[in-house]
Amino acid sequence: AQSVTQLDSHVSVSEGTPVLLRCNYSSSYSPSLFWYVQHPNKGLQLLLKYTSAATLVKGINGFEAEFKKSETSFHLTKPSAHMSDAAEYFCVVLTSGTYKYIFGTGTRLKVLA
Amino acid sequence: DGGITQSPKYLFRKEGQNVTLSCEQNLNHDAMYWYRQDPGQGLRLIYYSQIVNDFQKGDIAEGYSVSREKKESFPLTVTSAQKNPTAFYLCASSKREGSQFFGPGTRLTVL
């Protein structure tokens, strides 16, 4: 069975410093992996997705993620945090051949001035 | 503009009352989904539909019902059987094995 674990429920960084949000997944088959961002009382917005092409995926707003099959990880990074990055981030896995998207429990990112 | 819309943005329900949340998409996506989000938690799947006139229960379907009479529309009814319906409800759509696109959400509160 597939699952997603977001290793940190809360992350705090100072503005201008790097961001690392960690995600580990479990999937029997070749997965598609996604990162979404949610601002308060809003819907989810797609940041990036991995679908078995390049292992380093670039997304919107300067975010990127690296798919590491040996570590079953898909961590989200950004070189320099901005105040507007403060939000909740969700890692999602979709197993090939299904319609069922599995969501992590989310990581709340706080950016300090 | 292509997108997915939900209405209303806020909804209040009295005890014993059924309410229906609207979800419409013009992205020509086959699949549509309903999720429930509670404070500090991830998304839990209520129902999903892969094609018109067909839908499947998700992880927390009890107390909810859906219909899929048109490709563009996937309304969710929260029935009186749902004992704790206060939550943020999100609708999404996708192509097969593609990225999900989400609506802005409906916040339901029981009075």
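Described below are features of the structure shown in this document.

Quick notes on the rules
- Residues numbered from 1 in each chain as written.
- Chains lettered and ligands numbered in written order.
- Predicted model: local features only at pLDDT ≥ 70, side-chain atom pairs only at ≥ 80, totals over all residues.
- Heavy atoms only, no water.
- Helix = DSSP H or I, 4+ residues; strand = E, 2+ residues; numbered from the N terminus.
- Rg over C-alpha atoms; globule rule 2.2 N^0.38 Å.
- Buried < 20%, exposed > 50% of the residue type's maximum accessible area, 1.4 Å probe, protein only.
- Contact = heavy atoms within 4.5 Å.
- Lys, Arg positive; Asp, Glu negative; His and termini not counted.
- Charge placed at Lys NZ, Arg CZ, Asp CG, Glu CD.
- Phe/Tyr/Trp six-rings, centres within 6.5 Å; stacked < 30°, edge-to-face > 60°.
- Lys NZ or Arg CZ within 6 Å of the ring centre and 35° of its normal.
- Buried area = accessible area lost by both parts, 1.4 Å probe.
- Salt bridge = Lys/Arg side-chain N within 4 Å of Asp/Glu carboxyl O.
- Polar contact = N/O pair within 3.5 Å; in protein donor to acceptor, adjacent residues only side chain to side chain.
- Pairing = 2+ DSSP bridges.
- Axes fitted to C-alpha atoms, helices over the stretch in contact; angles between N-to-C directions.

1. Overview of the overall build of chain A
Move 1: Of regular secondary structure, chain A possesses zero helices and 12 strands.
Move 2: When its helices and strands are written in sequence order, chain A yields β-β-β-β-β-β-β-β-β-β-β-β.
Move 3: Here chain A has a C-alpha radius of gyration of 13 Å; the compact-globule value for 113 residues is 13 Å, and the two agree.
Move 4: In chain A, which comprises 113 residues, the share counted as buried stands at 45%.
Move 5: For chain A, the proportion of contacts with a sequence separation of at least 24, taken over those separated by at least 6, is 56%.
Move 6: Across chain A, 10 positive and 7 negative side-chain charges occur, with their mean positions spaced 6 Å apart.

2. With respect to the packing of aromatic side chains
Move 1: Inspection of every chain in the model, using the stated rule, returns 15 aromatic pairs over all chains.
Move 2: Ring centres of Y36(A) and F102(B) lie 5.4 Å apart, and the angle between their planes is 80°; on these two criteria the pair is classed as edge-to-face. Separated into two different chains, Y36(A) in strand β5 (residues 31–38) and F102(B) in strand β10 (residues 101–102) make up a pair that spans both.
Move 3: Overall, the relative accessible area of 0% leaves Y36(A) in the buried class.
Move 4: Accessibility expressed as a relative area gives 10% for F102(B), which makes it buried.
Move 5: Relative to F102(B), the ring of Y35(B) lies with its centre 5.9 Å away and its plane at 35°, an arrangement referred to as tilted. On the criterion of sequence distance, the pair formed by Y35(B) in strand β4 (residues 31–37) and F102(B) in strand β10 is long-range, its members being 67 residues apart.
Move 6: Judged by relative accessible area, Y35(B) falls into the buried class, the value being 1%.
Move 7: Above the ring of F74(B), the side-chain terminus of R68(B) is found at 6.0 Å from the ring centroid.

3. Thoughts on the interface of chain A and chain B
Move 1: Each partner contributes to the interface: chain A provides 20 residues, whereas chain B provides 24 residues.
Move 2: Both faces considered, chain A and chain B share a buried interface measuring about 1900 Å² in area, 53% of it formed by carbon and sulfur atoms.
Move 3: Inspection of the region where chain A meets chain B yields one salt bridge.
Move 4: A salt bridge links D59(B) to K100(A), with the nearest nitrogen and oxygen atoms 3.1 Å apart.
Move 5: One can count seven residue pairs in polar contact (both at pLDDT 80 or more) joining chain A with chain B.

4. Here we look at the sheet that holds strand β7 (residues 64–66) of chain B
All names here are of chain B.
Move 1: The four strands lie next to each other as β1-β3-β8-β7, forming an open sheet whose pairing is antiparallel. Every other strand in the sheet has two partners, leaving β1 (4–7) and β7 as the edge strands with one partner each. Here the average twist between neighbouring strands, direction ignored, is 20°.
Move 2: Where β7 and strand β8 (residues 76–78) come together, three bridges link them in antiparallel fashion. Counterpart to Y64 in the pairing with β8 is V78.

5. A look at the pairing of strand β4 (residues 23–26) of chain A
All names here are of chain A.
Move 1: The side-chain alternation of β4 yields one buried face, formed by C23 and Y25, and one unburied face, formed by N24 and S26.
Move 2: Bridge count between strand β1 (residues 3–6) and β4: four bridges; the pairing is antiparallel. For T5, the partnering residue across the bridge sits in β4 and is N24.

Take it as geometry only, folks, not as evidence of what the structure does.
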